[in-house]
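Per-entry structural report
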Amino acid sequence: MISSRTEIDTLTQPIQRFLGCPTPPQWIEAACRSENLPVLLVDHLICELKAAQSAVYILRRYVTDTESSNKLLELLKPYEDFIYRKLDNSEFLTTQSFSKSDLLLAPATSEQQQIMMDKMVLLIKEELHHFRQVLELMAHYQVPYENISASRYANGLLKYVRTSEPAKQIDKLICGAFIEARSCERFAALVPHVDTRLAKFYTSLLRSEARHFEDYLLLAEAVAGADISARVALFRATEAELIQSTDHEFRFHSGPVT
Ligand SMILES: [Fe+2]
Ligand SMILES: [Fe+2]
């Protein structure tokens, strides 16, 4: 358990160095308004599912057999049913968990692929655990799930992803690194301003989210097998612009709202 500001600062320093700008104070102020708590939690819930989905997407490229691929899709299904089909299975979801042995994927064909598979399986496990934790918090704060529109953030980044392979995969991994890093930076920024329960939860997320950003970046470097700093710089500038420019609606990854 992370217990002090110093430990939080130590964990977030590499993230702050990686990102092009800190979260603007106006966003933190808006996030702390009680009327924005439902959006903050619901959007966070959706972000956890999207994080798991993008890791599944990456992983499915490396699992060659249909059985493993189907297992990955089945794993997401109850979460997608809740978010996209409005199935009231939240009680079922909060009792779910899976271990690596539940996902006996066919072995990778190279050491690099095996490393990628292991990292992605752990990441999916953690993101789905976070999803269930956010659901519990929503129940605690009596926030019902309601559909909300996506912010411009993810699409604003993904529109610069190149279309040919392996460039597409490298760019997607770099985007993943920025999304994870920004989420982590925002959790840390919120800790001093929210109530004890939320502060404890956001603090508990920092360790895994800080590792996720590094995993994505290492994977991008491994796939490229070459220097990726020019692509990282492009996405850093784009991400900072999205975070600093004014937005129409408050979201977990929005800019300051007008
Ligand atoms: Fe997460
Ligand atoms: Fe994450």
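Residues numbered from 1 in each chain as written. Chains lettered and ligands numbered in written order. Predicted model: local features only at pLDDT ≥ 70, side-chain atom pairs only at ≥ 80, totals over all residues. Heavy atoms only, no water.

The chain appears in an unreviewed UniProt entry as tRNA-(Ms[2]io[6]A)-hydroxylase from Pseudidiomarina planktonica.

1. Structural notes on the overall build of the chain
Threshold: The way it works is that DSSP assigns letters per residue, a run of H or I at least four long becomes a helix, a run of E at least two long becomes a strand, and they are numbered from the N terminus. Here the globule rule is a power law, 2.2 Å times the number of residues to the power 0.38, and the radius of gyration is based on C-alpha atoms. The classification of residues rests on relative accessible area computed with a 1.4 Å probe and restricted to protein chains. Under 20% of the type maximum is buried, over 50% is exposed, and intermediate values are partly exposed. Residue contacts follow a heavy-atom distance rule, with two residues in contact if any of their heavy atoms lie within 4.5 Å.
Helix and strand counts for the chain come out as ten helices and zero strands. Helices and strands appear in the chain in the N-to-C order α-α-α-α-α-α-α-α-α-α. The C-alpha atoms of the chain give 18 Å as radius of gyration, which agrees with the globular expectation for 258 residues (18 Å, within 12%). Taken over the C-alpha atoms alone, the chain extends approximately 50 × 45 × 35 Å along its principal axes. Of all 258 residues assigned to the chain, the portion counted as buried reaches 52%. Pairs at least 24 residues apart make up 79% of the contacts formed inside the chain by residues separated by at least 6 positions.

2. A short note on the packing of aromatic side chains
So the rule is basically this: Any two rings among Phe, Tyr and Trp, with Trp reduced to its six-membered ring, count as a pair given centres within 6.5 Å; such a pair is stacked if its planes are under 30 degrees apart, edge-to-face if over 60, and tilted if neither. Only when the NZ atom of a Lys or the CZ atom of an Arg is both within 6 Å of the ring centre and within 35 degrees of the ring normal do we say a charge sits over the ring.
On inspection of all chains with the given rule, the structure shows ten aromatic pairs. Relative to Phe252, the ring of Trp27 has its centre 6.0 Å away and its plane inclined at 85°; by these criteria the two rings are edge-to-face. With Trp27 in helix 2 (residues 25-31) and Phe252 in the segment after helix 10 (229-244), this pair connects stretches of sequence that are 225 residues apart. Summarising the aromatic geometry, the rings of Phe187 and Tyr202 are spaced 5.2 Å apart at their centres and angled 25° between planes, so their arrangement reads as stacked. Residue Phe187 is found in helix 8 (residues 167-190), and its partner Tyr202 is found in helix 9 (residues 196-224); the two are separated by 15 residues along the sequence. For the pair Phe187 and Tyr202, one class covers both residues: buried. Positioned above the aromatic ring of Tyr57, the side-chain terminus of Lys172 is 4.3 Å from the ring centre. Its guanidinium or amino end placed over the ring of Trp27, Arg186 lies 4.0 Å from that ring's centre, counting from NZ or CZ.

3. Concerning the layout of surface pockets
For the record, the criterion: Lining residues are those with an atom within 4 Å of a point, where the points come from a 1 Å grid over the protein atoms alone and group into cavities, where a 1.4 Å probe fits but cannot get out, or pockets, open sets with protein on both sides within 12 Å along at least five of seven lines. Grid points are joined across faces, edges and corners, and a volume is the space filled by probe spheres set on the points. Classification convention: Asp, Glu, Lys, Arg as charged; Ala, Val, Leu, Ile, Met, Phe, Trp, Tyr, Cys, Pro as nonpolar; all other residues, Gly among them, as polar.
Size it by volume and the largest pocket reaches roughly 800 Å³. As for the largest pocket, its lining consists of 35 residues, and the residues nearest its centre are Cys47, Lys50, Ala51, Ala154 and Ile179. Looking at the lining of the largest pocket, the elements with two or more residues in it are helix 3 (37-60), helix 4 (66-84), helix 7 (153-158), helix 8 and helix 9. Counting residues per element, the lining of the largest pocket draws most heavily on helix 3, at eleven residues. Of the residues contributing to the lining of the largest pocket, the split by class is 18 nonpolar, ten polar and seven charged. The volume enclosed by the second largest pocket comes to roughly 190 Å³. Every residue lining the second largest pocket is counted, 13 residues in all, and those nearest its centre are Ser90, Leu135, Met138, Ala139 and Val143.

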